[in-house]
Amino acid sequence: MPNAIRSRRDVSPMTPRFLVLGSNSFSGAFYCDHLARLGHDVIATSRSEEPHPAFLPYKWTSRPGAVRFQRLDINHDLDALDAILRDERPTHIVNFAAQSMVGESWLNPDHWMMTNVVSQVRLHERLRRYEGLQRYVHVTTPEVYGSTDGWAKESQPFNPSTPYAVSRAASDMSLRTYFATYGFPVVFTRAANVYGPGQQLYRIIPRTIYAAMTGRRLTLDGGGRSVRVFIHM
């Protein structure tokens, strides 16, 4: 059925079924495309409606219907998530959903704590009671380690220095207790900065390219003294 949406009844019980939270994020949209290219059907959710297809790689080349989108905000719509779990029976959940933007987190830190800590814990409480979950991938950030020089090992102590980093560290630490206490099947990723086609123009690499093409002055946050490592999506 290459051009149709397969229901959960049409696939083998052994076939992985993916739910991606935060699919409108740059990384989340690329991951949905990656799964679709591998032949998987994907349930994708995000707190806002799908943006322009220019920002959604799975709209460019993936087979139609491979990625099914549903608007869902983890701050308000966890009952809708329960319905997805019941109806779709995903085996693998990958969570890109978070309040990001490091500098802005100083303006309303409570917003970051609500989304990245309180709502995440509420989400994890529901997921630990869901019997169909084989793997939960929590996409977090190396910001939890603070400023580092070179590679950061997973065992490195947390040393967050912004409200954003504190909120992500708190959620990570909570999930550690879920793993230890409940055997919750969590895996963490803490990738550094990412870039690639379709990235939002406020990010540094597309912003630099845009400034070069238009002859505009490029403003560097922090005075241009920071050193960053980037991973191509």
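Up top is the structure these notes are about.
Residues numbered from 1 in each chain as written. Predicted model: local features only at pLDDT ≥ 70, side-chain atom pairs only at ≥ 80, totals over all residues. Heavy atoms only, no water.

1. Some remarks on the overall build of the protein chain
Phase 1 of the analysis: Secondary structure summary: the protein chain contains five helices and eight strands in total.
Phase 2 of the analysis: Beginning at the N terminus, the succession of helices and strands in the protein chain can be written as β-α-β-β-α-β-α-β-α-β-β-α-β.
Phase 3 of the analysis: Its C-alpha atoms give the protein chain a radius of gyration of 18 Å, within 12% of the compact-globule value 17 Å for 233 residues.
Phase 4 of the analysis: Taking the principal axes of its C-alpha atoms as reference, the protein chain extends roughly 55 × 45 × 30 Å.
Phase 5 of the analysis: Here the protein chain holds 233 residues, and 39% of them are scored as buried.
Phase 6 of the analysis: Across the protein chain, contacts joining residues at least 24 apart in sequence account for 70% of those joining residues at least 6 apart.
Phase 7 of the analysis: For the protein chain, the exposed area adds up to about 13,300 Å²; of that, 54% sits on carbon and sulfur atoms.
Phase 8 of the analysis: Each charge sign in the protein chain was given a centre, from 27 positive and 20 negative side chains, and these centres are 3 Å apart. (Helix = DSSP H or I, 4+ residues; strand = E, 2+ residues; numbered from the N terminus. Rg over C-alpha atoms; globule rule 2.2 N^0.38 Å. Buried < 20%, exposed > 50% of the residue type's maximum accessible area, 1.4 Å probe, protein only. Contact = heavy atoms within 4.5 Å. Areas by Shrake-Rupley, 256 points an atom, 1.4 Å probe, with all protein chains shown as cover. Lys, Arg positive; Asp, Glu negative; His and termini not counted. Charge placed at Lys NZ, Arg CZ, Asp CG, Glu CD.)

2. Focus: the packing of aromatic side chains
Describing an aromatic ring pair means giving the distance of the ring centres and the angle of the ring planes.
Phase 1 of the analysis: All told, the structure shown has eight aromatic pairs when counted by the stated rule.
Phase 2 of the analysis: Relative to F184, the ring of Y136 lies with its centre 5.4 Å away and its plane at 55 degrees, an arrangement referred to as tilted. Of the two residues, Y136 sits in strand β5 (residues 135–139) while F184 sits in the loop between α4 (163–182) and β6 (186–189), which places them 48 residues apart along the sequence. A single burial state applies to Y136 and to F184, both of which are buried. (Phe/Tyr/Trp six-rings, centres within 6.5 Å; stacked < 30°, edge-to-face > 60°.)

3. A short note on the packing of helix α3 (residues 109–127) against α4
Phase 1 of the analysis: The contact between α3 and α4 brings their axes to 8 Å, and the two run at 15 degrees. It follows from the interaxial angle that α3 and α4 lie roughly parallel. Two packed elements cross with a definite hand, and for α3 against α4 that hand is right-handed. In contact with P109, W112, M113, N116, V117, Q120, V121, H124 and E125 of α3, α4 contributes P163, Y164, V166, S167, R168, A170, S171, S174, L175 and Y178.
Phase 2 of the analysis: When grouped by side-chain class, the residues that make up the contact of α3 with α4 number eleven nonpolar, six polar and two charged. (Axes fitted to C-alpha atoms, helices over the stretch in contact; angles between N-to-C directions. Parallel < 35°, antiparallel > 145°, perpendicular 65-115°, else oblique. Left-handed = near helix turned anticlockwise from the far one by under 90°. Nonpolar A, V, L, I, M, F, W, Y, C, P; charged D, E, K, R; others polar.)

4. Focus: the sheet that holds strand β1 (residues 18–21)
Phase 1 of the analysis: Spatially, the six strands line up as an open sheet ordered β3-β2-β1-β4-β5-β6, and their pairing is parallel. Because the sheet does not close on itself, it has two edges, and the strands there are β3 (67–71) and β6. For this sheet the average axis-to-axis angle between neighbouring strands, irrespective of direction, equals 20 degrees.
Phase 2 of the analysis: Against the sheet, helix α2 (residues 78–88) engages β1, β2 (42–46), β3 and β4 (92–95), with an angle of about 165 degrees to β1.
Phase 3 of the analysis: Contacts from α3 reach β1, β4 and β5, with the element oriented near 170 degrees to β5. (Pairing = 2+ DSSP bridges.)

5. Considering the packing of α2 against α3
Phase 1 of the analysis: In contact at an axis separation of 11 Å, α2 and α3 are set at 30 degrees when each is read in the N-to-C sense. Between α2 and α3, the crossing angle belongs to the class labelled roughly parallel. Relative to α3, α2 is oriented so that their crossing is right-handed. Counted together, L78, D79, L81, D82 and L85 of α2 and R122, L123, R126 and L127 of α3 form the full contact between these two elements.
Phase 2 of the analysis: Grouping the amino acids of the contact of α2 with α3 by side-chain chemistry returns five nonpolar, no polar and four charged.

6. Some thoughts on the environment of S25
Phase 1 of the analysis: Relative to the elements of secondary structure, S25 occurs in the loop between β1 and α1 (26–37).
Phase 2 of the analysis: Separated by 30 residues in the primary sequence, S25 and F55 place their C-alpha atoms 8.9 Å from one another.

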